[in-house]
Amino acid sequence: LEEMNRKLVGESGQDRGIGFPTGCSLNHVAAHYTPNNGDDTVITENDVCKIDFGTQINGRIIDSAFTVAFQEKYDPLLEASREATNAGLRAAGVDSVLGEIGGIMQE
């Protein structure tokens, strides 16, 4: 994942590249688990997998994340997450109160 990130952003020393180690969190781990070299964890069809990655260009970091699941039983979870994200985006703007956006997303 990190090699593709580097390739797509056109990594060039300190000017452009990955923004932070890629997270690959499974199931009950919400975010920020970064597998180390030698980690033999295998993603299975029963897992919910969250990928969190960042790129930086001239020190400006963009953070992005997405979730994948391989069984239909997780579709309602993914849809609820998508709906919450979209509700938060609709509520965001100049002078928005972050706690209020979070409340809207929780509903």
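Our structure's up above, just so we're on the same page.
A closer look at the overall build of the chain
In step 1: A tally of regular secondary structure across the chain gives 3 helices and 3 strands.
In step 2: Going residue by residue from the N terminus, the α and β elements of the chain occur as α-β-β-β-α-α.
In step 3: For the chain, the C-alpha radius of gyration of 16 Å lies well beyond 13 Å, the compact-globule estimate for 107 residues.
In step 4: Judged by the C-alpha coordinates and their principal axes, the chain covers about 40 × 40 × 20 Å.
In step 5: Residue burial in the chain is summarised as follows: out of 107 residues, 21% are buried.
In step 6: Long-range pairs, those at least 24 residues apart, make up 39% of the contacts in the chain with a sequence separation of at least 6.
In step 7: Surface exposure of the chain reaches about 7,900 Å², of which carbon and sulfur atoms provide 54%.
In step 8: Charge centroids of the chain, computed over 8 positive and 17 negative side chains, lie 6 Å from each other.

Focus on the packing of aromatic side chains
In step 1: The full count for this structure, using the stated rule, is 1 aromatic pair.
In step 2: Ring geometry for Phe53 and Phe66: centres 6.5 Å apart, planes at 70 degrees, overall edge-to-face. A residue pair is termed long-range when its members are at least 10 positions apart, and Phe53 in strand 2 (residues 48-57) and Phe66 in strand 3 (residues 60-69) qualify at 13 residues.
In step 3: You can call Phe53 partly exposed: its relative accessible area is 26%.
In step 4: On the basis of relative accessibility, which here comes to 40%, the residue Phe66 falls in the partly exposed class.

Quick notes on the sheet that holds strand 3
In step 1: With antiparallel pairing, the 3 strands of this open sheet are ordered in space as 1-2-3. The sheet terminates laterally at strand 1 (16-26) and strand 3, the two strands that pair on one side only. Ignoring strand direction, the axes of neighbouring strands in this sheet form an average angle of 15 degrees.
In step 2: Taken strand by strand, helix 1 (residues 2-9) contacts strand 1 and strand 2, and its axis lies near 150 degrees from that of strand 1.

What to know about the pattern of salt bridges
In step 1: As enumerated under the stated definition, the model contains 4 salt bridges in all.
In step 2: The partner of Arg82 in a salt bridge is Glu79, and the shortest N-O contact between them spans 2.5 Å. Of the two residues, Arg82 and Glu79 both sit in helix 2 (residues 75-91), 3 residues apart, roughly one turn of that helix.
In step 3: What you see here is one network of salt bridges that share partners, running through Glu2, Glu3, Arg6 and Glu11.

As for the side chain of Asp52
In step 1: Here Asp52 lies in strand 2.
In step 2: Ignoring any residue separated from it by four or fewer positions in sequence, one finds Asp52 in contact with Phe20, Pro21, Thr22, Gly23, His32, Asp63, Ser64 and Ala65.

What counts and how
Residues numbered from 1 in each chain as written. Predicted model: local features only at pLDDT ≥ 70, side-chain atom pairs only at ≥ 80, totals over all residues. Heavy atoms only, no water. Helix = DSSP H or I, 4+ residues; strand = E, 2+ residues; numbered from the N terminus. Rg over C-alpha atoms; globule rule 2.2 N^0.38 Å. Buried < 20%, exposed > 50% of the residue type's maximum accessible area, 1.4 Å probe, protein only. Contact = heavy atoms within 4.5 Å. Areas by Shrake-Rupley, 256 points an atom, 1.4 Å probe, with all protein chains shown as cover. Lys, Arg positive; Asp, Glu negative; His and termini not counted. Charge placed at Lys NZ, Arg CZ, Asp CG, Glu CD. Phe/Tyr/Trp six-rings, centres within 6.5 Å; stacked < 30°, edge-to-face > 60°. Pairing = 2+ DSSP bridges. Axes fitted to C-alpha atoms, helices over the stretch in contact; angles between N-to-C directions. Salt bridge = Lys/Arg side-chain N within 4 Å of Asp/Glu carboxyl O.

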